Amino acid sequence: MQHEYNWLALVVGNSRLHWAWFRHLTLIKTWDTHHLAISVRPHQLPHLIIHRDLVAQNLTHLSVYIASVVSEQTQYWRYYDELIYIRLQEIKLTNVYPTMGVDRALAAWGAIAVYQQPCLVIDGGTALTFTGVDRTRKLIGGAILPGLRSQLLSLKQKTSALPEVKLPDSLPPQWALDTDSAIASGILYSAIAGIHSYILNWVEQFPQSQIIFTGGDGAILSRFLHQQFPEFTDRTVVEPNLVFHGVKLLYQQNSCSA
């Protein structure tokens, strides 16, 4: 019974493991954990990485649909006997190129399924990515650059005189008078200007589009965009679980063909 109705989605990101617990088609919970450091046993999910409610219900041997962009982390799952590895060719998008990240493709597939119109997905994670798809599920294209925290960390690591700066809750003054604010200003205003440019170009091509922010910094990016360009407030949504909508579609696909 537990195998039939409960299952897990795992998206292995560059920084963390992103989890979702489903009961058939219903999303129950999501959570994040650190990357693995040891291999998963064949019949037992480690208690440290699954939600405590699963442990309490003795649901520790479930099917795991895994989408990974980190090959080293994928290796830790090679012995687990209930693993379903998601491959790019299984995702129902057209015009996809072979090296596209499976997480980006899943999010785009999920976006079209939810909104039924052209979508621009802006994912604020370790990388900041733009992915555009039309209503026929055709990939139009996208772009990739370092995410906000990656840019902040890069300055700290590559420039000895500059401090480590945390993301502020609101946009700093654009013309800063201290180093921390100057770093935050440079990164945030440049990122928001870039996002604004991509959105403008996208809606010129696809006026009836949904603009979707997702990823760990998706809500922050959306809020900063609205502060700087309030005219986009009604054109954008924040959907933190977008990639899991894509994983659910694959689960449905497999369930129907079983």
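Residues numbered from 1 in each chain as written. Predicted model: local features only at pLDDT ≥ 70, side-chain atom pairs only at ≥ 80, totals over all residues. Heavy atoms only, no water.

Moving on, we get to the sheet that holds strand 10 (residues 236-238). Strand order in the open sheet formed by 5 strands is 8-7-6-9-10, with mixed pairing between adjacent strands. Pairing within the sheet leaves two strands with one partner each, and these edge strands are strand 8 (139-146) and strand 10. For this sheet, the mean angle separating the axes of adjacent strands, direction not counted, is 15°. Note: strand 7 (residues 127-133) against strand 8, 7 bridges, orientation antiparallel. Bridging from a neighbouring strand, Thr129 pairs with Ile144 of strand 8. Across the sheet, helix 6 (residues 179-205) is in contact with strand 6 (119-124), strand 7, strand 8 and strand 9 (210-214); its angle to strand 6 comes to roughly 165°. (Pairing = 2+ DSSP bridges. Helix = DSSP H or I, 4+ residues; strand = E, 2+ residues; numbered from the N terminus. Axes fitted to C-alpha atoms, helices over the stretch in contact; angles between N-to-C directions. Contact = heavy atoms within 4.5 Å.)

Taken as a whole, this structure holds 9 aromatic pairs when the rule is applied. Both rings, one in Trp19 and one in Trp31, keep their centres 5.9 Å apart while their planes meet at 5°; by these two values the pair is stacked. Pair noted here: Trp19 is in strand 2 (residues 17-23) and Trp31 is in strand 3 (residues 26-33), with a separation of 12 residues, a long-range link. The exposure class of Trp19 is buried, given its relative accessible area of 0%. Here the aromatic cluster, defined as three or more aromatic residues joined through ring pairs, consists of Trp7, Phe22, Tyr65 and Tyr251. (Phe/Tyr/Trp six-rings, centres within 6.5 Å; stacked < 30°, edge-to-face > 60°. Buried < 20%, exposed > 50% of the residue type's maximum accessible area, 1.4 Å probe, protein only.)

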